[in-house]
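Chain residues, written in single-letter form:
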Amino acid sequence: RLFKVEDEAALRQNFDQLDIDKDGVITFLEWSESVRLSEVNSLIRTCNEKGPLYRAALDDEELKLYSNMVARVQRIMDLAQELGVRVMVDAEW
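Residues numbered from 1 in each chain as written. Predicted model: local features only at pLDDT ≥ 70, side-chain atom pairs only at ≥ 80, totals over all residues. Heavy atoms only, no water.

Caption draft 1: Just the environment of Gln17, in detail. Turning to its location among the elements, Gln17 is positioned in helix α1 (residues 8-18). You can call Gln17 exposed: its relative accessible area is 59%. The spatial distance from the C-alpha of Gln17 to the C-alpha of Ser34 is 8.1 Å, given a sequence separation of 17 residues. (Helix = DSSP H or I, 4+ residues; strand = E, 2+ residues; numbered from the N terminus. Buried < 20%, exposed > 50% of the residue type's maximum accessible area, 1.4 Å probe, protein only.)

Structure representation (structure tokens):
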């Protein structure tokens, strides 16, 4: 196994949550629509081996910064909607 799990029931619950159309397969689209960054981070931290994926996970401080950024963007978007104005987001990788 690649990840630590509590038991088979917990693993099944996680799988069923991600398998939106309940076809027994988690597609990329289901994965990307179902999992938030903070949830991915929690999953990655359960890796049995601390390889590249584990090392790429956000630490607690980075998660807090991310959460604060999301909250700020949400406040901006809410205010823009209230004022009836558009918002342009210039995001670079």
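Caption draft 2: Structural view of the side chain of Glu30. Note on placement: Glu30 falls in helix α2 (residues 28-34). For the buried Glu30, which has no salt bridge, the nearest side chain bearing the opposite charge is Lys22, at an N-O separation of 7.7 Å. Among the polar contacts listed, one links the side chain of Glu30 to the backbone nitrogen of Ile20, at a separation of 3.1 Å. One polar contact links the side chain of Glu30 to the main-chain amide nitrogen of Asp21, over a distance of 3.0 Å. Setting aside anything within four residues of it in sequence, one finds Glu30 in contact with Leu18, Asp19, Ile20, Asp21 and Val25. (Lys, Arg positive; Asp, Glu negative; His and termini not counted. Salt bridge = Lys/Arg side-chain N within 4 Å of Asp/Glu carboxyl O. Polar contact = N/O pair within 3.5 Å; in protein donor to acceptor, adjacent residues only side chain to side chain. Contact = heavy atoms within 4.5 Å.)

Take it as geometry only, folks, not as evidence of what the structure does.
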